[in-house]
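Coordinates in review
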Amino acid sequence: MQKLIITVALVGAEVRKEDTPHLPITPDEIAEQAQEVYEAGASIVHIHARDVEGNSTQDREIYGEIIAKIKERCPIIIQVSTGGAVGMTDDERIQPVSLKPEMATLTTGTVNFGEEVFMNSATQIRRFALEMKEHGVRPEFEIFDTGMIENAYKLVRDGYVRGHLHYDFVMGVAMPATPEQLLFVRKQIPEGATWTVAGVGRAQLPMSTMAILLGGHVRVGLEDNIYYRKGELATNRQLVERVVRISREIGREIATPDEARKILQIS
């Protein structure tokens, strides 16, 4: 198997300090936790930004400050969100891509997200893919439902995405977080593509363990799950350390950022 790539979704758009005091909000807090998870074994940080009041923002200048501070501390791969928060405009959501990070998420379909709708029309998806292509940013196809896999591959067929293909299966929002579902979706992506699993809530640990066993990669972090176990709040570092222990116990080593770059073919 390839070495395991661990992505950490440090912040998210929905979790608040009232939910967990361990959530990083400011650029300094985000950069500090990026260094912590890098030292624990993560090779990618998935970042959202917050404004001075702690609300989700896609402001280019705030992202720029976060990215600069992370780069000062460690060589981890920085992956920005283009999802932002539900209700944001396309112009808002796409701002961080112009900073030319190494990676960005690209959700390839519309999905019910709690009581709201996370809208991603075909026009939006093509625009986001084209901007990533123009800025040399590696997209991670964010797959909330199985139909999004075909939508992603249509971007490839139509020339909007070139090079290595990488998918993130988000389990526990629209797709059920079950072994059967994961076994199904991993068979639907093109040969040679890589994939990560992001289990939401209590699904994070079992889905991460399955991904390790099946040769996939893992995303953990407070964006997706704030608990270490029932009733016990986690830190981002703790969630990484647990995945590292599990993976090494079964003999699968952990990828450094540079090794992850080679696996994902990021130049």
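Higher on the page you've got the structure.
Here the structure is a predicted model, which is why all the values come from computation and not from measurement.

Conventions used here
- Residues numbered from 1 in each chain as written.
- Predicted model: local features only at pLDDT ≥ 70, side-chain atom pairs only at ≥ 80, totals over all residues.
- Heavy atoms only, no water.
- Helix = DSSP H or I, 4+ residues; strand = E, 2+ residues; numbered from the N terminus.
- Rg over C-alpha atoms; globule rule 2.2 N^0.38 Å.
- Buried < 20%, exposed > 50% of the residue type's maximum accessible area, 1.4 Å probe, protein only.
- Contact = heavy atoms within 4.5 Å.
- Areas by Shrake-Rupley, 256 points an atom, 1.4 Å probe, with all protein chains shown as cover.
- Lys, Arg positive; Asp, Glu negative; His and termini not counted.
- Charge placed at Lys NZ, Arg CZ, Asp CG, Glu CD.
- Polar contact = N/O pair within 3.5 Å; in protein donor to acceptor, adjacent residues only side chain to side chain.
- Axes fitted to C-alpha atoms, helices over the stretch in contact; angles between N-to-C directions.
- Left-handed = near helix turned anticlockwise from the far one by under 90°.
- Nonpolar A, V, L, I, M, F, W, Y, C, P; charged D, E, K, R; others polar.
- Expected span 1.5 Å × (residues − 1).
- Arc of directions from axis to C-beta.
- Right-handed = clockwise from strand over helix to strand, strands pointing away.
- Salt bridge = Lys/Arg side-chain N within 4 Å of Asp/Glu carboxyl O.
- Core = buried A, V, L, I, M, F, W, Y, C linked by side-chain atoms within 4.5 Å.

Moving on to the overall build of the chain. Of regular secondary structure, the chain possesses 9 helices and 14 strands. On C-alpha atoms alone, the chain measures out to a radius of gyration of 17 Å, which is about the 18 Å that the 2.2 N^0.38 rule sets for 267 residues. Classification of the 267 residues of the chain by burial places 53% in the buried group. Taking the intrachain contacts of the chain between residues at least 6 apart in sequence as the baseline, contacts between residues at least 24 apart amount to 71%. For the chain, the computed accessible surface area is about 11,700 Å², with 48% contributed by carbon and sulfur atoms. Within the chain, the 38 negative side-chain charges are centred at a point lying 6 Å from the centre of the 30 positive side-chain charges.

Turning to the side chain of Q204, a few remarks are in order. Tracing the backbone shows Q204 in helix 7 (residues 204-214). In this structure the side chain of Q204 is engaged in a polar contact, spanning 3.3 Å, whose partner is the side chain of N225. Aside from chain neighbours lying at most four places away, what touches Q204 is G199, R219, V220, G221, D224, N225 and L239.

This part covers the packing of helix 1 (residues 27-40) against helix 2 (residues 60-73). Two packed helices can be described by the angle between their axes and the distance between those axes. Helix 2 packs onto helix 1 with a crossing angle of 35 degrees between their chain directions and a minimal axis gap of 8 Å. For the pair helix 1 and helix 2, the crossing hand works out as right-handed. When helix 1 is examined against helix 2, the residues P27, D28, I30, A31, E32, A34 and Q35 are found in contact with a partner set consisting of E65, I66, K69, I70 and R73. Residues that form the contact of helix 1 with helix 2 fall into these classes: 6 nonpolar, 1 polar and 5 charged.

What follows deals with helix 4 (residues 122-135). Relative to the 20 Å expected for 14 residues at 1.5 Å per residue, helix 4 spans 20 Å between its end C-alpha atoms, a close match to the ideal helical length. Along helix 4, the positions that sit buried rather than exposed are Q124, I125, F128, A129 and M132. Down the axis of helix 4, the buried side of the element spans an arc of 125 degrees, and every buried residue falls inside it. In helix 4, the exposed positions angled more than 90 degrees off the buried face are occupied by T123 and E134. On its buried face, helix 4 is in contact with helix 3 (90-94), strand 6 (103-107), strand 9 (138-143) and helix 5 (147-157). Looking one or two places after helix 4, you find G136, whose phi comes out positive at around 70 degrees.

Quick look at unusual backbone geometry now. Phi is positive for K100, close to 60 degrees, though the residue is something other than glycine. For K100, the location among the structural elements is in the loop between helix 3 and strand 6. One non-glycine residue, Q265, adopts positive backbone phi at about 60 degrees. As for its placement among the helices and strands, Q265 is situated in the segment after helix 9 (257-264).

Here strand 1 (residues 6-9) shows two buried faces, one formed by I6 and V8 and the other by T7 and A9. Of the crossover connections in this fold, the one passing from strand 1 over helix 1 to the parallel strand 2 (residues 44-47) is right-handed.

A word on the pattern of salt bridges. The tally for this structure, following the rule as stated, stands at 18 salt bridges. A salt bridge links R157 to E150, with the shortest nitrogen-to-oxygen separation between them at 2.9 Å. With a relative accessible area of 47%, R157 lands in the partly exposed category. Assessed through its relative accessible area of 44%, E150 is described here as partly exposed.

Counting 73 residues, the largest nonpolar core has I6, I47, I70, Y167 and F169 as the members making the most contacts within it. Each residue touching Y167, except ones within four places of it in the same chain, is listed here: E140, F141, I143, I149, A152, I189, P190, A193, T194, W195 and T196. Formed by 9 residues, the second largest nonpolar core is a distinct cluster that contains I77, M103, A255 and A260.

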